[in-house]
Amino acid sequence: RGGWYSLYPKKATDLRTSRARLLEMFTDTTCDPEIMKNATDTYFSLLQGFIASLDGTKQENKLRFMQNFKWTDTLQGNTPSAQQDAVFELVSMAFNVAIWHAKFASRLAGKENITEVEAKDVHRSLKFAAGIFKHLKEVHIPRLITPAEKGRDLDPRVMDTYMVQCKAEAQEVTIARAIELKHNATLIAALAFETANFYQKADHTLNTLEPECSSKWRNYLQLKQHFYMAYAYCYHGQTLLASDKCGESIKSLQEAEKCYSRAEALCKEYRQTKGPGSTAKPSEQLFFTTLGGLIKNTLQKCERENGFMPNPSRKKRLSQ
């Protein structure tokens, strides 16, 4: 084997065993954040022995460059990237830990009748994932001897997009809880508008990537942007209706319809676009269809209320 295995057989064996266990955790459906934390702590503490300076100085640890690591990519398919650098291994493995936390949150959020405790777990996992992406981008990726390849997972644009998307998805949980607890429509509209802006920012971050590897992802981000803009207009319309501003509320609900229709069209594009990503059908999910019904019912209510409003000019003519 050479390399680490001939120089430090015990340390290398421990590292290899803990690495294999961590990789297993990524696909183990019974794994939870606590199990993942234990596995990552064990592996990264061992890996640091091949990265951190042995004498406490800024001098590079010679073990850092003794092993070649290969990783495939979320956007570039099965073509691996390889670097003979333990920092590349650290960054790549930590990237996958962040993805695991984001997917764990997604699975939990997809349950019916999610509890407050579960909602907090979703929020916590997404914030943790966003923190990992941010830390890797700012601290570890700049240390790589070979710069991150364009369009691959460690590209700063990709890292930024994942970071913003995690923030947006965490806020989705806040919106769902606010709706469930029947909070003020003004608050829900503001949260939805901010979430739509998060998705728009994430989409714009990807606009310089090659379309063949980013189109499907961008479709997803765009449909989420329009979906939450529809939410924002819908709840803003409810606020206006409560203030007896029926005409303005109708306009707001009509904008909600437009955004919702655009989101539906993007759902279709998303399913038909080739590329890495889920094969899910967002437009058939309960959360999507529920909003469509809410917009329709609220608009009808606005139009009815508007029909009952007194017409001052008509009243004046009748009195003459």
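For the protein, the name recorded in an unreviewed UniProt entry is BRO1 domain-containing protein BROX, with Oncorhynchus mykiss as its organism. Its UniProt record gives the protein the following Sequence similarities (unreviewed entry) comment, quoted word for word: "Belongs to the BROX family."

Q: Explain the overall build of the protein to me, please; I cannot follow it from the model alone.
A: Of the regular secondary structure elements, the protein holds 11 helices and two strands. Helices and strands appear in the protein in the N-to-C order α-α-α-β-β-α-α-α-α-α-α-α-α. Whereas a compact globule of 320 residues would reach a radius of gyration of roughly 20 Å, the protein reaches 25 Å, over 25% beyond that. Its C-alpha atoms put the protein at 105 × 40 × 35 Å along the principal axes. Classification of the 320 residues of the protein by burial places 43% in the buried group. Of the roughly 17600 Å² of accessible surface on the protein, a fraction of 53% belongs to carbon and sulfur atoms. Seen as two clouds, the 45 positive and the 36 negative side-chain charges of the protein have centres 3 Å apart.

Q: What's the story with the state of the cysteines in this structure? I'm lost.
A: Here is the idea: a disulfide is a covalent bond, and it sits between the sulfur atoms of two cysteines. Enumeration according to the criterion identifies zero disulfides in this entry. Unpaired in this structure, C234 has its nearest cysteine sulfur neighbour in C302, at a distance of 8.6 Å. Its relative accessible area of 0% is what places C234 among the buried residues. Free of any disulfide, C246 has its nearest neighbouring cysteine sulfur in C302, separated by 6.6 Å.

Q: Even after reading the chapter, I still don't get the packing of helix 4 (residues 86-109) against helix 5 (residues 116-140), so can you show me in this structure?
A: Angle between the axes and distance between the axes are the two parameters that describe a pair of packed helices. At their nearest, the axes of helix 4 and helix 5 sit 8 Å apart, and the two run at 160° to each other. Relative to helix 5, the element helix 4 lies roughly antiparallel. Pair helix 4 / helix 5 crosses with left-handed handedness. Taken together, the residues of the contact of helix 4 with helix 5 sort by class into 20 nonpolar, three polar and two charged.

Q: So what exactly am I meant to see when it comes to the side chain of S81 here?
A: One can find S81 in strand 2 (residues 81-83). Given a relative accessible area of 8%, S81 falls into the buried group. A distance of 3.2 Å separates the side chain of S81 from the side chain of E149, its partner in a polar contact. The residues contacting S81, other than those within four sequence positions of it, are F69, K70, W71, F88, E149 and R152.

Rules of the game
Residues numbered from 1 in each chain as written. Predicted model: local features only at pLDDT ≥ 70, side-chain atom pairs only at ≥ 80, totals over all residues. Heavy atoms only, no water. UniProt positions renumbered as here; feature names shortened; annotations may be inferred. Helix = DSSP H or I, 4+ residues; strand = E, 2+ residues; numbered from the N terminus. Rg over C-alpha atoms; globule rule 2.2 N^0.38 Å. Buried < 20%, exposed > 50% of the residue type's maximum accessible area, 1.4 Å probe, protein only. Areas by Shrake-Rupley, 256 points an atom, 1.4 Å probe, with all protein chains shown as cover. Lys, Arg positive; Asp, Glu negative; His and termini not counted. Charge placed at Lys NZ, Arg CZ, Asp CG, Glu CD. Disulfide = S-S within 2.5 Å. Axes fitted to C-alpha atoms, helices over the stretch in contact; angles between N-to-C directions. Parallel < 35°, antiparallel > 145°, perpendicular 65-115°, else oblique. Left-handed = near helix turned anticlockwise from the far one by under 90°. Nonpolar A, V, L, I, M, F, W, Y, C, P; charged D, E, K, R; others polar. Polar contact = N/O pair within 3.5 Å; in protein donor to acceptor, adjacent residues only side chain to side chain. Contact = heavy atoms within 4.5 Å.

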